[in-house]
Amino acid sequence: ILSYPRHPVLKKRDDFEDVLEERRRSSDLRYALRCYTPTLYKGLVPCKVSVLKSIVLQSDHLQCVIKQVSSESGDSTECVAEEASLILDEMAHRMQLSTVRFFVFTLSKAFKRLFRSVCVNEEGIQRLQQAVQEHPVVLLPSHRSYMDFLMMSYLLYMFDLPLPVIAAGMDFMSMKFIGEMLRMSGAFFIRRSFGGDKLYWAVFSEYVKTMLRKGYAPIEFFLEGTRSRTCKSLTPKTGLLNIVMEPFFKGELFDVSLVPVSISYERVLEESLYARELLGVPKPKESTSGLLKARRVLSEDYGSMHVYFGHPVSVRSLAEGKIKRSQYNLLPRYIPQKPSVDTHEFLNDAAFRLVRIQEENMVLKPWVLIATLLLQNPDGMDLSSLTEQTDWLRHLALAFGAFLDWPDHEACSEVISCSLALHRRLLSVSAGHVQLSVTDAPQVETTPEEAVFQRAVVVLSCASYRNQILHVFLRPALLAVAMQSANSSRKDDIYNCFNFLRNMFSNEFILCPGDSVQDFEEACYLLMKRGVLQVLEHEIVMSASGQSTLAFLCSVLDPFLQGYQVVCRYLCEETNENLTEKEFIPAVRSFCFVSLSSDLQKNALAALLRLKAVRKVKV
């Protein structure tokens, strides 16, 4: 069910249609006020919000936890029940169609200004229309921008699908007016962490499970937990995934459909904001005034956007032979149980494979290839050389199974020229020479530190586009570095080196647990098919024409290898015996400022902790 093709090139993907085309030809107001008749789960009309709250508060599970908390804290059950009711009031959505219609009208105007096109796979929509009628649905979009959840609700309204209820962070609730409008459009607000708060977790989990059991609406949340500032997939979180699977584990639902959704941007709205955050500039607080100040983005061109609805994944089929549901029969359903070790492993494996599906359905634009080459050539490239190498890289990416949106019947030079124009803020083109540069900085005297910082912002902004294609090259690149490092052509030596690198980078990239041999075989197959190497029974040998491909693949991983080396050098050479976690990132950055993003530093530390090279002690 969750297997992806061993040979990614053979994968067939759906065609797209531009949903903004019709919007540009007709009235936005008439469209927002049109008759909305969504497809319903088993034909059931959703209950009122007040009834939903009542069901949650009176549920056996929540009543059981209220008694436990009352017993532990010494407070009366009435007092704890009142607290549970207040938590639910703070959390719950209050979906109103009138507010949704206002958002549809506003977003229609905004999307037409921001994007040249918004392309959706219609076959994916048809599969979703079928899925929502049969089983409760959980939507799992990738998360690269605040635009993601707005676009998801907009598209479901457009195709007469039930509007989702969306797990959102508390940050949005503090936005005057906007926070309340999001709540009335289906957002329910949860804390970023619960800190062992048993009552809060019980209210939250029962609220989600009640909506799922009743087929109230599709549940939508982000597996990665937060926006990816680096535009590569983050290690998935399994808490909410466990909640939506539990009704199936306990036999309350026959099945649940998980729908991975891949959202790709030709140009990300928050590109420079993300780069600054990665360099230590605090994230701006979500506020209505901040949103109004950000309206200048409406005058910018963000190219095209692609939304790919993947095949629904059946939890029933996924769990077959992996989860013993009989273990859930040993206690009444309403008594809370922690997931067993087997369940936790299953959840982790499923989460990784779902994110891998998201990655493989990401539509890549020509700019990601150009950005990759410009980062490998910091002094810039002649336009003719850039064109030639981009064309070579396009064919390599397609051979490795990339989902590349390359305009048909257009000359390569024309495609590159259009991409350079769209991303002109990150580069300069002079006398046929292209290089990354700060083109929109104010023309005033800057200190050397400010100049380095501005350069780092451009490099990290560009790296966020390079990161979008890393999943295509990752496994062959790990093999290329392993071949370079092993100093041996023996297959076993190269595999051991590959496995070490894969283990080291498993916080950095989406590498499914336990798939080391499969990943190695996939890398060998792709490079062998490309004529880069020969795989014999006990040896792996580079072919005469394979040098340039292996050199390129090694340079893809080079920034990450260098970054991890800097972290290791700092920990070996500079640290005192005791270093607090808060001090770590600024200390490493001042030790060696080479555009090291805080994301990479955190991942390197997590890897070293996992490999027991570093010890973490709570004090």
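Residues numbered from 1 in each chain as written. Predicted model: local features only at pLDDT ≥ 70, side-chain atom pairs only at ≥ 80, totals over all residues. Heavy atoms only, no water.

- As annotated in an unreviewed UniProt entry, the protein carries the name Glyceronephosphate O-acyltransferase and is attributed to Cyprinus carpio.
- The UniProt entry for the protein carries this comment under Subcellular location (unreviewed entry): "Membrane". (UniProt positions renumbered as here; feature names shortened; annotations may be inferred.)

Notes on the environment of Glu-90
Here's step 1: Summarising the element assignment, Glu-90 is placed in helix 5 (residues 77-91).
Here's step 2: Along the chain, Glu-90 and Met-173 lie 83 residues apart, while their C-alpha atoms are 9.1 Å from each other. (Helix = DSSP H or I, 4+ residues; strand = E, 2+ residues; numbered from the N terminus.)

Focus on the sheet that holds strand 11 (residues 427-430)
Sheet strands associate in pairs through backbone hydrogen bonding, adopting either a parallel or an antiparallel arrangement.
Here's step 1: The strand order across the open sheet formed by three strands is 10-12-11, and the pairing between neighbours is antiparallel. Looking at the sheet topology across the chains shown, the edges are occupied by strand 10 (381-382) and strand 11.
Here's step 2: Here strand 10 runs beside strand 12 (residues 433-436); their pairing, made up of two bridges, is antiparallel. Pairing of Met-381 across the sheet is with Val-434, part of strand 12.
Here's step 3: Those strands touched by helix 16 (residues 366-376) are strand 10, strand 11 and strand 12, and its axis lies near 85° from that of strand 12. (Pairing = 2+ DSSP bridges. Contact = heavy atoms within 4.5 Å. Axes fitted to C-alpha atoms, helices over the stretch in contact; angles between N-to-C directions.)

A word on the pattern of salt bridges
A pair can form between side chains of opposite charge whenever their charged atoms are brought close.
Here's step 1: Using the criterion set out here, one finds 36 salt bridges in the structure.
Here's step 2: Between Glu-360 and Arg-356 there is a salt bridge, and its shortest N-O distance comes to 3.3 Å. Of this pair, Glu-360 and Arg-356 both sit in helix 15 (residues 341-360), separated by four residues, roughly a single helical turn. Note on accessibility: Glu-360 and Arg-356 belong to one class, buried.
Here's step 3: Residues participating in the shared-partner salt-bridge network are Arg-23, Asp-28, Lys-109 and Lys-112. (Salt bridge = Lys/Arg side-chain N within 4 Å of Asp/Glu carboxyl O. Buried < 20%, exposed > 50% of the residue type's maximum accessible area, 1.4 Å probe, protein only.)

Here we look at the nonpolar core
Here's step 1: Counting 122 residues, the largest nonpolar core has Phe-115, Phe-309, Trp-367, Phe-473 and Leu-479 as the members making the most contacts within it.
Here's step 2: The element that contributes the greatest number of residues to this core is helix 23 (residues 547-573), accounting for 12 residues.
Here's step 3: Setting aside its immediate chain neighbours within four residues, Phe-309 contacts Val-120, Asn-121, Gly-124, Ile-125, Arg-127, Leu-128, Met-152, Leu-155, Leu-156, Pro-260 and Val-261.
Here's step 4: With 72 residues, the next largest nonpolar core counts Leu-52, Ile-166, Leu-199 and Val-256 among its residues. (Core = buried A, V, L, I, M, F, W, Y, C linked by side-chain atoms within 4.5 Å.)

Some remarks on helix 3 (residues 49-57)
Here's step 1: Those residues of helix 3 that fall on the buried side of the exposure criterion are Leu-52, Lys-53 and Val-56. Within helix 3, the buried residues cover an arc of 100° as seen down the axis, which keeps them to one side.
Here's step 2: Buried positions along helix 3 lie against helix 4 (60-73), helix 5 and helix 10 (198-213). (Arc of directions from axis to C-beta.)

Quick notes on the pairing of strand 4 (residues 165-169)
Here's step 1: Judged by how many residues are buried, strand 4 sits mostly within the fold: five of five residues are covered.
Here's step 2: By the bridge criterion, two bridges tie strand 4 to strand 6 (residues 219-220) in an arrangement that is parallel. Bridge pairing in strand 6 links Val-165 to Ile-219.
Here's step 3: You can see the chain leave strand 4, run along helix 9 (residues 178-183) and come back into strand 5 (residues 187-190), and the turn it takes is right-handed. (Right-handed = clockwise from strand over helix to strand, strands pointing away.)

Re the UniProt feature "domain: Phospholipid/glycerol acyltransferase" (unreviewed entry) in the protein
Here's step 1: Look at the UniProt record and you will see "domain: Phospholipid/glycerol acyltransferase" (unreviewed entry) annotated at residues 137-266.
Here's step 2: In this annotation, residues 137-266 is assigned 35% helix and 19% strand; the end-to-end C-alpha distance for the span is 29 Å.

Describing empty space enclosed by the protein
Over the atoms a probe the size of a water molecule is rolled, and this reveals where empty space is left.
Here's step 1: For the coordinates displayed, the defined rule picks out three cavities of 30 Å³ or more.
Here's step 2: Volume-wise, the largest cavity comes out at about 200 Å³.
Here's step 3: Arg-144, Cys-231, Lys-232, Asn-467 and Gln-468 are the residues nearest the centre of the largest cavity, which is lined by 21 residues in total.
Here's step 4: Elements with a contribution of two residues or more to the lining of the largest cavity: strand 7 (257-265) and helix 20 (470-486). (1 Å grid on protein atoms, 1.4 Å probe; cavity = no way out; pocket = protein on both sides within 12 Å on 5 of 7 lines; lining within 4 Å. Points joined across faces, edges and corners; volume = space filled by probe spheres on them.)

Quick notes on the packing of helix 16 against helix 19 (residues 448-466)
Here's step 1: The interhelical angle for the contact between helix 16 and helix 19, taken along N-to-C directions, is 130°, at an axis separation of 8 Å. Relative to helix 19, the element helix 16 is oriented oblique. Relative to helix 19, helix 16 is oriented so that their crossing is left-handed. Judged by residue contacts, Trp-367, Val-368, Ala-371, Thr-372 and Leu-375 of helix 16 engage Val-459, Cys-462, Ala-463, Tyr-465 and Arg-466 from helix 19. (Parallel < 35°, antiparallel > 145°, perpendicular 65-115°, else oblique. Left-handed = near helix turned anticlockwise from the far one by under 90°.)

A closer look at the packing of aromatic side chains
Here's step 1: Summed over the entire model, instances satisfying the criterion amount to 23 aromatic pairs.
Here's step 2: Joined through ring pairs, the aromatic side chains of Phe-111, Phe-115, Tyr-154 and Tyr-265 make up one cluster.
Here's step 3: The ring of Phe-248 has Arg-325 sitting right over it, with the charged end atom 4.1 Å from the ring centre.
Here's step 4: Above the plane of the ring of Trp-406 lies Arg-394, whose end atom (NZ or CZ) is 4.5 Å from the centre. (Phe/Tyr/Trp six-rings, centres within 6.5 Å; stacked < 30°, edge-to-face > 60°. Lys NZ or Arg CZ within 6 Å of the ring centre and 35° of its normal.)

Let's talk about unusual backbone geometry
Here's step 1: Positive phi outside glycine occurs at Asp-160, with the angle close to 55°.
Here's step 2: For Asp-160, the position within the fold is in the loop between helix 8 (147-158) and strand 4.

Digging into helix 22 (residues 516-529)
Here's step 1: Along its 14 residues, helix 22 runs 20 Å from first to last C-alpha, staying within 8% of the 20 Å computed at 1.5 Å per residue.
Here's step 2: Taken together, the buried positions of helix 22 are Ser-516, Asp-519, Phe-520, Glu-522, Ala-523, Cys-524, Leu-526 and Leu-527. (Expected span 1.5 Å × (residues − 1).)

Comments concerning the environment of Phe-505
Here's step 1: Within the element layout of this structure, Phe-505 appears in the loop between helix 21 (491-504) and helix 22.
Here's step 2: Classification of Phe-505 by relative accessible area gives buried; the value is 1%.
Here's step 3: Excluding its chain neighbours within four sequence positions, the residues that come into contact with Phe-505 are Leu-478, Leu-511, Phe-560, Leu-561 and Tyr-564.

Observations regarding the pairing of strand 3 (residues 137-141)
Here's step 1: In terms of residue burial, strand 3 counts as a mostly covered element, since five of its five residues are buried.
Here's step 2: Neither face of strand 3 is open: one carries Val-137, Leu-139 and Pro-141, the other Val-138 and Leu-140, and all of them are buried.
Here's step 3: Where strand 3 meets strand 7, five bridges bridge the pair, whose relative direction is parallel. Across the sheet, residue Leu-140 finds its bridge partner in strand 7, namely Pro-260.

Quick word on the environment of Leu-279
Here's step 1: Within the secondary structure, Leu-279 sits in the loop between helix 12 (271-278) and helix 13 (288-293).
Here's step 2: Separated by 327 residues in sequence, Leu-279 and Ala-606 place their C-alpha atoms 19 Å apart.

Regarding the packing of helix 5 against helix 10
Here's step 1: Where helix 5 meets helix 10, the closest approach of the two axes is 10 Å, and the angle between their N-to-C directions is 55°. The angle between the axes of helix 5 and helix 10 places the two elements in the oblique class. For helix 5 against helix 10, the interelement crossing comes out right-handed. Contacts from Val-80, Glu-83, Ala-84, Ile-87, Leu-88, Glu-90 and Met-91 in helix 5 reach Leu-199, Tyr-200, Val-203, Phe-204 and Tyr-207 in helix 10.

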